[in-house]
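# Residue-level structure breakdown
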Amino acid sequence: MAITGTETFESTSPADGETIGVFPRSTGEDVDRAVAAAKEAYAHWRLVPAPKRGEILYRFARILEGEKDALTELMTHEMGKVRAEAGGDVQEAIDITYYMAGEGRRLFGQTTPSELPDKWNMSIRQPVGVVGAITPWNFPIAIPSWKLIPALICGNTVVLKPATDTPALAERFVELLDEAGLPDGVVNIVYGGGSSVGDRMVRHPDIRVITLTGSRETGVKVLEAGAETLKHVHLELGGKNAIIVMDDADLDLAVNGIVWSAFGTSGQRCTAASRVIAHEKVYDALQKKLVAAVEKLRLGPGWEGDTDIGPVINKAALDKIHSYSKIGSDEGARLLTGGEVATEGDLARGFFYRPTIFADVDPQMRVAQEEIFGPVTALIKVRDADEAIRVSNGIKYGLSSSIFTRDVNTAFRAMRDLEAGITYVNAGTTGAEVHLPFGGTKDTGNGHREAGQAALDVFTEWKSIYVDYSGKLQRAQIDD
Ligand code: UN1
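Residues numbered from 1 in each chain as written. Predicted model: local features only at pLDDT ≥ 70, side-chain atom pairs only at ≥ 80, totals over all residues. Heavy atoms only, no water.

### Points about the domain arrangement of the protein
The cut-off we apply is this: Here the bounds of each domain stem from an automatic or database domain assignment. Here's the idea: put two parts together, see how much 1.4 Å probe accessible area each one loses, and the total over both is what we call buried area. Salt bridge, as used here: a side-chain nitrogen of Lys or Arg that lies within 4 Å of a carboxyl oxygen of Asp or Glu. Identification of polar contacts relies on pairs of N or O atoms within 3.5 Å, with a donor-acceptor requirement for protein atoms, meaning one able to donate a hydrogen and the other able to accept it, and with residues adjacent in sequence counted only if both atoms are side-chain atoms.
According to the domain assignment, the protein contains domain 1 (8–237 + 445–465) and domain 2 (241–425). With centres defined by C-alpha atoms, the gap from domain 1 to domain 2 works out at 30 Å. Both sides of the domain 1 and domain 2 interface together cover about 2,000 Å² of buried area, and 61% of this is carbon and sulfur. Applying the counting criterion to the domain 1 and domain 2 interface returns zero salt bridges. Our count for the contact surface shared by domain 1 and domain 2 stands at seven residue pairs in polar contact (both at pLDDT 80 or more).

Written out as structure tokens, the structure is:
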């Protein structure tokens, strides 16, 4: 779909400022045309048998596999994550595509007996219509795929608005979908910011579903704006996830889990472990091991083989993250390591922040309550499992949670009582797999889940069908 806007914006690498590409800024009319194209394509796409839609998606999965290295490389440049993680991002897209392509031969509904004789009852899933997908920069291939692929297998058509930090990856993603054989108009892309292009989508009467991954603040705005047209709104918002380390935990394993979950992707995951809740008996030992492990991490561009931590996404993010180091210190938390922008040598060309750990954090401090979305974690000391669970739950978000313990009773209590959409036992807070529901409780969302079978509920409506073959009027609830 051609874009008429004459304004452009540049995508640059957060690692060294190199220009990745120049993209058109879509206008409101561009959004309207994209929606119109999607609406027109829907008339046909919804009638394509789901297994045939699945065949196109299988082809897409194979194309993605072939393009995995190139997309990975591009991601290390445009988004900044390190190569292993960028590969994982693309792999997550491949995984969900194979999984959802298979749904083409399932998309199960239900059949159930009727209360009346000679009558057939069933319920089926039907597509909803045009889906508006608003995606973030932190998983620039995986998250568009979590939203688009389930939407498509169910028979919807899509308008995608990717984050303005990662347009090149989104453009490539859509080109590859085209290459797989999606009919024209089934997927359309628009570029631009949330307050202009995003807002137009959210208010558009012909978009029936909005699926957003973003901040809590944006989520509330989208929900409000979408209310006017009674849209289905699927929200995947923030987190302030904690790892609990009990006194019987394997400490070295816990340290590995914390380093990976707190500092992987430079802490820029909704699922990142931005709090560590440690039992008082292991608190000091854990601190020491953690600082030693973190100070070994090497900062650098994601495309360099020995880099552990890449840049953060942009200058505004760097400033926000750094402001929390000051907030933490001002609140009385003890800075164990980090707390500064890294500028030595070539790092000065990008947005690098030293992995930062605060100790002696009170659960109510801002560094323990607010989503920082950077390589910062806060250590909190507790006396027992009850307090650990209480502290873990004592936030407004409810995405991911974790406990390291060897006690099966404690593990099961945590599995039951942690208020979160995801709980890990003896693993960090990141690493969701695509065939399980992904999402959170409380302010992390509005009750929906993506991925897994649960994603189908976002992208379909249930229709109940009653077929009476008795040849006479039969009245439910009245006739025997
Ligand atoms: C996100 O940060 O929004 O579990 C998604 C994980 C990844 C997905 C994170 N599989 O960390």
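### Description of the packing of aromatic side chains
Test applied: Working definition: rings of Phe, Tyr and Trp (its six-membered ring) pair if their centres are within 6.5 Å, and the pair is stacked with planes under 30 degrees apart, edge-to-face with planes over 60 apart, and tilted otherwise. Each helix corresponds to a stretch of at least 4 residues labelled H or I by DSSP, and each strand to a stretch of at least 2 residues labelled E; elements are numbered beginning at the N terminus. Only protein chains enter the accessibility calculation, which uses a 1.4 Å probe; a residue is then buried when its area is under 20% of its type maximum, exposed when over 50%, and partly exposed in between. Lysine and arginine charges are scored as sitting over a ring when NZ or CZ, respectively, is within 6 Å of the ring centre and within 35 degrees of the ring normal.
Tallying each qualifying case throughout the model produces six aromatic pairs. The interplanar angle of 40 degrees and the centroid separation of 6.0 Å between the aromatic rings of F9 and F23 together place this pair among those described as tilted. Residue F9 is found in strand β1 (residues 8–12), and its partner F23 is found in strand β2 (residues 19–24); the two are separated by 14 residues along the sequence. For the pair F9 and F23, one class covers both residues: buried. In this arrangement the basic side chain of R53 is found over the ring face of W45, its NZ or CZ atom lying 6.0 Å from the centre. Of note, K81 hangs over the ring of F139, and the distance from its end group to the ring centre comes to 3.6 Å.

### Thoughts on the site of the ligand
In plain terms, the rule: Near is defined per residue: the residue qualifies when any heavy atom it owns lies within 4 Å of the molecule or strand. The classification used treats Ala, Val, Leu, Ile, Met, Phe, Trp, Tyr, Cys and Pro as nonpolar, Asp, Glu, Lys and Arg as charged, and all other residues, Gly among them, as polar.
All residues adjacent to the ligand are E92, N138, F139, I143, W146, R269, C270, T271, T430, G431, A432 and F438. Take E92: an N or O atom from its side chain is 2.9 Å from a nitrogen atom of the ligand. Between the ligand and the protein, one listed contact pairs an oxygen atom with a side-chain N or O atom of T271 at 2.7 Å. When grouped by side-chain class, the residues that make up the shell around the ligand number six nonpolar, four polar and two charged. Domain assignment of the residues forming the shell around the ligand places at least three in each of domain 1 (8–237 + 445–465) and domain 2 (241–425).

### Re the side chain of N188
Following the sequence through the fold, N188 ends up in strand β7 (residues 187–189). Within polar-contact distance, the side chain of N188 engages the backbone oxygen of G185 at 2.9 Å.

### Some remarks on the pattern of salt bridges
For the coordinates displayed, the defined rule picks out 30 salt bridges. Residues R125 and D457 are paired through a salt bridge, measuring 2.9 Å at the closest nitrogen-oxygen approach. Taken together, the positions of R125 in strand β4 (residues 119–127) and D457 in helix α14 (residues 455–459) put the pair 332 residues apart, joining distant regions of the chain. R125 sits in the buried class, given a relative accessible area of 18%. The salt bridge involving E175 is made with R172; its shortest N-O contact spans 2.5 Å.

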